[in-house]
Amino acid sequence: MQLLANVDDRIDAHTYPATATELIEEYGELELEVPNGEETFGEALGRLGETTFEDADDARLAAYSAVSKNAIGRENYSDRDAPSIGENGPEQVSF
């Protein structure tokens, strides 16, 4: 799965610097490939407020950082990491 498959080529071809508002107006309705529901590029960037991107990589990284929990697998799941300080992770299960 490639989260930004529907958006990548378009934001690469866009002229930068560009604001989040400009990118949302132009590409906001494009669907992101999230495993647990639906989300658009505009919904993800809209969470960032008014931001200016210097290039396509900035916009791409911002979108990755702003997607909802629908873009992750099982919430709070890790088969390697212990919970962080102050977090209560799931109960351990012994097989």
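Refer to the preceding data block for the structure.
Note that this is a predicted model, so its numbers are computed, not measured.

(A) Summary view of the overall build of the protein chain. Each helix and strand in the protein chain was counted, giving 4 helices and 4 strands. Put simply, the protein chain runs from its N terminus to its C terminus through helices and strands in the order α-β-α-β-β-α-β-α. When the 95 residues of the protein chain are sorted by exposure, 34% land in the buried category. The contacts of the protein chain with a sequence gap of at least 6 include a subset with a gap of at least 24, amounting to 57%.

(B) Focus on the nonpolar core. One finds Y16, L23, L32, F41 and F53 to be the most contacted residues of the largest nonpolar core, which totals 21 residues. Among the secondary structure elements, those contributing two or more residues to this core are α2 (20-27), α3 (41-46) and α4 (56-66). Sorting elements by how many residues they give to this core places α4 first, with 4 residues. Excluding residues within four positions of it along the chain, Y16 makes contact with I11, L23, F53, E54, D55, A56 and A59.

(C) Main features of the pattern of salt bridges. On inspection of all chains with the given rule, the structure shows 4 salt bridges. One salt bridge connects E39 with R47, and the closest N-O pair in it is separated by 2.5 Å. By relative accessible area, which is 46% here, R47 ends up partly exposed. One salt bridge connects D57 with R60, and the closest N-O pair in it is separated by 2.7 Å.

(D) Up close: a negative patch on the surface. A contiguous patch of negative charge on the surface is contributed by E22, E25, E26 and E50. Inspection of the secondary structure puts E22 in helix α2. Residue E22 is classed as partly exposed on the basis of its relative accessible area, which comes to 38%.

(E) Focus on the environment of T52. Position of T52 relative to the elements: it lies in strand β4 (residues 52-53). Considering only alpha carbons, one finds T52 and P17, 35 residues apart in sequence, at a separation of 6.6 Å. Once residues within four sequence positions are removed from consideration, T52 is found in contact with P17, A18 and T19.

Reading the values: rules and limits
- Residues numbered from 1 in each chain as written.
- Predicted model: local features only at pLDDT ≥ 70, side-chain atom pairs only at ≥ 80, totals over all residues.
- Heavy atoms only, no water.
- Helix = DSSP H or I, 4+ residues; strand = E, 2+ residues; numbered from the N terminus.
- Buried < 20%, exposed > 50% of the residue type's maximum accessible area, 1.4 Å probe, protein only.
- Contact = heavy atoms within 4.5 Å.
- Core = buried A, V, L, I, M, F, W, Y, C linked by side-chain atoms within 4.5 Å.
- Salt bridge = Lys/Arg side-chain N within 4 Å of Asp/Glu carboxyl O.
- Patch = residues over 30% accessible without salt bridge, like charges linked within 9 Å, V, L, I, M, F, W, Y side chains within 5 Å.
- Areas by Shrake-Rupley, 256 points an atom, 1.4 Å probe, with all protein chains shown as cover.
- Lys, Arg positive; Asp, Glu negative; His and termini not counted.
- Charge placed at Lys NZ, Arg CZ, Asp CG, Glu CD.

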